[in-house]
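Secondary and tertiary structure notes
What follows is each chain in one-letter form.
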Amino acid sequence: MTTLAIIGAGRQLGEALARRFGREGFSVALVSRSQERLDSLAADLAADGIAAKGYAANVRDPEALVKALDLAAQELGPIEVLSYNPLPAKDFLRPVLESTVYDIQAAFEFSVLGPVAAVHQVLQGMRVLGRGTILFVNGGSAVQPVQHFAGTSIAFAGETAYAEMLDQALRDTDIHVAQLIIPGGIIRGDGQKDPEVLAELLWRMHSDRDRFRTFATELEVQPY
């Protein structure tokens, strides 16, 4: 049995992802800051027959994130799929003229250093396993900077560059790298952006392995 590690596991996309991959026989490592919330989610998943366990870690703490992923692999099985989809803090959504160096630093730690730490930790295990998928989930500002959301626009751009370089470096291997762009965010009940719809899309990105970037909906031109 192999494992899906969800960085930023919560009750929307995280839970939907866990259930979609769990149906395919994956164990699920749930990673976010609150152990209490993770334990509650893991219990609900276990009640439905999905092997899941929570590992508390702040993505802005690379050492804690690495330890969580290492323990998850030991307890649940090798990590075959990594999904990096934590929800950005509201502080990252300030206009550029109101953003301080500390706002941008925090966003950079969240969206660049966090993914680098997570990917570096799981990559060797994927090589040993002989296969793997690394999924990045971002908002529209990852590919279209918006001055009203300075932190995510800058940090998501860095995350996107990192993901694209990973795709270039691993394209000729059995490790697939893909990015899902969700313009406007997740919306329950929406035909294209409901968590279950997005989880199915991410499953297809993992299984089809035919492209790097997928858009959940068409990217709208943002007013400046």
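The text that follows walks through the structure, step by step, so that each part is easy to find. Computed from a predicted structure; not experimentally measured. (Residues numbered from 1 in each chain as written. Predicted model: local features only at pLDDT ≥ 70, side-chain atom pairs only at ≥ 80, totals over all residues. Heavy atoms only, no water.)

Before going further, it helps to spend a moment on the sheet that holds strand β2 (residues 27-32). Sheet strands associate in pairs through backbone hydrogen bonding, adopting either a parallel or an antiparallel arrangement. Pairing within the open sheet is parallel, and its seven strands lie in the order β3-β2-β1-β4-β5-β6-β7. Taken across any chain shown, the strands that pair with only one partner, and hence form the sheet edges, are β3 (52-56) and β7 (213-215). Averaged over all adjacent pairs, the angle separating strand axes in this sheet is 20°, with direction ignored. The pairing of strand β4 (residues 79-84) with strand β5 (residues 132-139) spans four bridges and is classified as parallel. (Pairing = 2+ DSSP bridges. Helix = DSSP H or I, 4+ residues; strand = E, 2+ residues; numbered from the N terminus. Axes fitted to C-alpha atoms, helices over the stretch in contact; angles between N-to-C directions.)

Before going further, it helps to examine the pairing of β2. With respect to burial, β2 is a largely interior element, six of its six residues being buried. Of the two faces of β2, the one lined by S27, A29 and V31 and the one lined by V28, L30 and S32 are each fully buried. Where strand β1 (residues 3-7) and β2 come together, five bridges link them in parallel fashion. From the neighbouring strand, I6 faces β2, where its bridge partner is L30. You can see the chain leave β1, run along helix α1 (residues 13-22) and come back into β2, and the turn it takes is right-handed. Where β2 lies against β3, five bridges are found, and the strand directions are parallel. Each residue of the ladder has a partner; that of L30, found in β3, is G54. Considered for its hand, the β-α-β crossover made up of β2, helix α2 (residues 35-47) and β3 is right-handed. (Buried < 20%, exposed > 50% of the residue type's maximum accessible area, 1.4 Å probe, protein only. Right-handed = clockwise from strand over helix to strand, strands pointing away.)

Turning our attention to the nonpolar core. Within the largest apolar cluster, 35 residues are counted, with the highest numbers of intra-cluster contacts made by I7, L69, L82, I134 and F136. Every element with two or more residues in this core is listed here: β1, β2, α3 (62-76), β4, α4 (101-129), β5, α5 (150-170) and β6 (175-182). With nine residues, α4 is the largest single contributor of residues to this core. Ignoring sequence-local partners within four residues, the contact set of L69 consists of A5, I7, I79, L82, A118, Q121 and V122. Listed in part, the 30 residues of the second largest apolar core include I6, A16, L180 and W203. (Core = buried A, V, L, I, M, F, W, Y, C linked by side-chain atoms within 4.5 Å. Contact = heavy atoms within 4.5 Å.)

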